Amino acid sequence: MTDIQTFERALPHGITLSCRAAGEPGRPMMLFLHGFPEAAFIWDPLLAHFARPENGGYRCVAPNLRGFERSSAPAEVEAYQAHRLMQDLRALADSEAAGGQIDTLVAHDWGGAFGWGMANAMPERVGRLVIINSPHAGTFARELKNSPEQQEASAYMNWLARPGSEEVLARDDFARLFGMLSSMHAGAGNADWLTEDVKAQYRDVWSQGLVGACNLYRVTPLKPGTDIPDIPRERLTVDIPTLVLWGMADIALRPGLLDGLEDYVSQLEIERLEGATHWVVHEQPELVMARIDAFIRRHPRLRG
């Protein structure tokens, strides 16, 4: 297996991101963004895969987002606003690639929120976008307003946003967090991937603090039962080749979030993965890699 490099990258605006990477610096970059309650290590098989010459020979970089693992974790809730995390990712890209160019951005869950945002705000920097079970703000806002099913499925967001939720998550050897990983499915998928070695990796991450992760839920205006804002359309459109991979048995993010996505994304491909859950990256990594490989071949890069 290709060696995984680990390093801490100090950024000009005072944030440091702990990162995992594979492949030669200077090669076209693939950037991988994790979600909650995960960390950069979940991408290791994909980093190794896409760094190999026969799979493109990319420089593959997976940061731990602000507030996760050993990355900087400011205490203020406001420090977790989307534009601040996107600033981190833009600066990381600048430190890795000429002109901060991201050949392919792959993102899951919360990472996808920032992936959608970057594709909208800086399309000149992002060549291709791959989203894995992460809602687009336009359809998410609509479903939170109008869909009782999605409102109920997202109720956990309000619990995570409450004061002290991180202390509850840490109790009994992180029992609630492991429960999320092993049971977030509707009679589909499996948790065979959650081995003792993988659990140890999660414990290492979570023991370094959960406040930053919970602050993502505190700061977002997109939660059920709140006054959902009207987001200007110009902040929602994406005009680069985009692949959405969606585990259809995700109980937190319901399939209705895919409806109407083409209204916002001009070059959209959706692949619905039956029997896969929110944790499809763990459950079926070979399938995910194959789908991304095929997408990249269908949309060859114009540079590099």
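Whatever comes next refers back to the structure up there.
The shown structure was predicted, so the numbers you read here are calculated from the model rather than taken from an experiment.

Asks: What is the right way to look at the overall build of the protein chain in this model?
Replies: The helix and strand tally for the protein chain stands at 11 helices and eight strands. In terms of overall dimensions, the protein chain is globule-like: its C-alpha atoms have a radius of gyration of 18 Å, near the 19 Å expected for 304 residues. For the protein chain, the C-alpha atoms occupy an extent of roughly 45 × 40 × 40 Å along the three principal directions. The buried share among the 304 residues of the protein chain stands at 57%. A total of about 12300 Å² of accessible surface is found on the protein chain, and carbon and sulfur atoms cover 49% of it.

Asks: What is the right way to look at the sheet that holds strand S7 (residues 242-247) in this model?
Replies: One key point about sheets: their strands pair by backbone hydrogen bonds, in either a parallel or an antiparallel sense. Judged by pairing direction, the sheet is mixed, and its eight strands sit side by side in the order S1-S2-S4-S3-S5-S6-S7-S8 without closing on themselves. Strand pairing shows two members of the sheet lacking a second neighbour, strand S1 (5-10) and strand S8 (268-273), which therefore form its edges. Going across the sheet, the axis of each strand differs from the next one's by a mean of 20 degrees, ignoring polarity. Pairing geometry for strand S3 (residues 29-33) and strand S5 (residues 102-108), over four bridges, is parallel.

Asks: Before we go on, may I ask you to explain the packing of aromatic side chains in this structure?
Replies: Describing an aromatic ring pair means giving the distance of the ring centres and the angle of the ring planes. For the structure shown, the criterion picks out 10 aromatic pairs. Geometrically, the ring pair formed by Phe41 and Tyr202 is edge-to-face, given 5.0 Å between the ring centres and 75 degrees between the ring planes. Of the two residues, Phe41 sits in the loop between S3 and helix H1 (44-51) while Tyr202 sits in helix H8 (residues 196-206), which places them 161 residues apart along the sequence. You'll find Phe41 and Tyr202 in the same group, each marked buried. Members of the aromatic cluster, joined through ring pairs, are Phe36, Trp110, Phe114, Tyr156 and Tyr217. Positioned above the aromatic ring of Phe178, the side-chain terminus of Lys199 is 5.7 Å from the ring centre.

Asks: What's the story with the packing of helix H2 (residues 82-96) against helix H3 (residues 110-121) in this structure? I'm lost.
Replies: The relative placement of two packed helices is expressed as an angle between their axes plus a distance between the axes. Following both chains from N to C, one finds H2 and H3 inclined at 75 degrees, their axes separated by 10 Å at the closest point. Here H2 is positioned roughly perpendicular relative to H3, judged by the angle of their axes. Residue-level inspection shows Ala82, Leu85, Met86, Leu89 and Arg90 of H2 in contact with H3, the latter providing Phe114, Gly117, Met118 and Ala121. When its residues are assigned to classes, the contact of H2 with H3 shows seven nonpolar, one polar and one charged.

Asks: What exactly am I supposed to notice about the pattern of salt bridges here?
Replies: Pairing between side chains becomes possible if they bear opposite charge and their charged atoms approach one another. Enumeration over the complete set of coordinates arrives at 17 salt bridges. Among the salt bridges present, the one from Arg66 reaches Asp88, with a minimum N-O distance of 2.7 Å. With Arg66 in the loop between strand S4 (59-63) and H2 and Asp88 in helix H2, this pair connects stretches of sequence that are 22 residues apart. Put simply, Glu269, Glu271, Arg291 and Arg298 are held in one network by salt bridges that share partners.

Asks: Hey, could you run me through the side chain of Ser18 in this one?
Replies: Residue placement: Ser18 occurs in strand S2 (residues 16-22). If sequence neighbours within four positions are ignored, Ser18 has contacts with Phe7, Glu8, Ala62, Pro63, Asn64, Glu69, Arg70 and Ser71.

Asks: Sorry if this is basic, but what is going on with the packing of helix H7 (residues 165-183) against H8 here?
Replies: H8 packs onto H7 with a crossing angle of 125 degrees between their chain directions and a minimal axis gap of 11 Å. In terms of orientation, H7 and H8 fall into the oblique class. Here H7 runs over H8; the crossing is right-handed. In this structure, H7 contributes Asp173, Phe174, Leu177, Phe178 and Leu181 to the contact, and H8 contributes Lys199, Tyr202, Arg203 and Trp206.

Asks: Please explain helix H4 (residues 137-146) as it appears in this structure.
Replies: In an α-helix, one turn spans 3.6 residues; hence positions three or four apart end up facing the same way. Listed as buried for H4 are Gly138, Thr139, Phe140, Ala141, Glu143 and Leu144. On its buried face, H4 sits against helix H5 (148-153) and helix H6 (156-161).

Asks: Got a minute to help me understand the nonpolar core in this structure?
Replies: By size, the foremost hydrophobic cluster in this structure holds 102 residues, and its most contacted members are Phe32, Phe36, Trp43, Phe50, Tyr202 and Ile292. Residues within four places of Trp43 in sequence aside, it is in contact with Phe32, Leu33, His34, Ala62, Val106, Ala107, His108, Ile132 and Val281.

Asks: What exactly am I supposed to notice about the state of the cysteines here?
Replies: In a disulfide, the sulfur atoms of two cysteines are covalently bonded to one another. Overall, the coordinates contain zero disulfides when judged by the stated rule. Cys60 carries a free sulfur, and the closest cysteine sulfur to it, the one in Cys19, is 13 Å from it. Owing to a relative accessible area of 0%, Cys60 belongs among the buried residues under this scheme.

Calculation criteria
Residues numbered from 1 in each chain as written. Predicted model: local features only at pLDDT ≥ 70, side-chain atom pairs only at ≥ 80, totals over all residues. Heavy atoms only, no water. Helix = DSSP H or I, 4+ residues; strand = E, 2+ residues; numbered from the N terminus. Rg over C-alpha atoms; globule rule 2.2 N^0.38 Å. Buried < 20%, exposed > 50% of the residue type's maximum accessible area, 1.4 Å probe, protein only. Areas by Shrake-Rupley, 256 points an atom, 1.4 Å probe, with all protein chains shown as cover. Pairing = 2+ DSSP bridges. Axes fitted to C-alpha atoms, helices over the stretch in contact; angles between N-to-C directions. Phe/Tyr/Trp six-rings, centres within 6.5 Å; stacked < 30°, edge-to-face > 60°. Lys NZ or Arg CZ within 6 Å of the ring centre and 35° of its normal. Parallel < 35°, antiparallel > 145°, perpendicular 65-115°, else oblique. Contact = heavy atoms within 4.5 Å. Nonpolar A, V, L, I, M, F, W, Y, C, P; charged D, E, K, R; others polar. Salt bridge = Lys/Arg side-chain N within 4 Å of Asp/Glu carboxyl O. Left-handed = near helix turned anticlockwise from the far one by under 90°. Core = buried A, V, L, I, M, F, W, Y, C linked by side-chain atoms within 4.5 Å. Disulfide = S-S within 2.5 Å.

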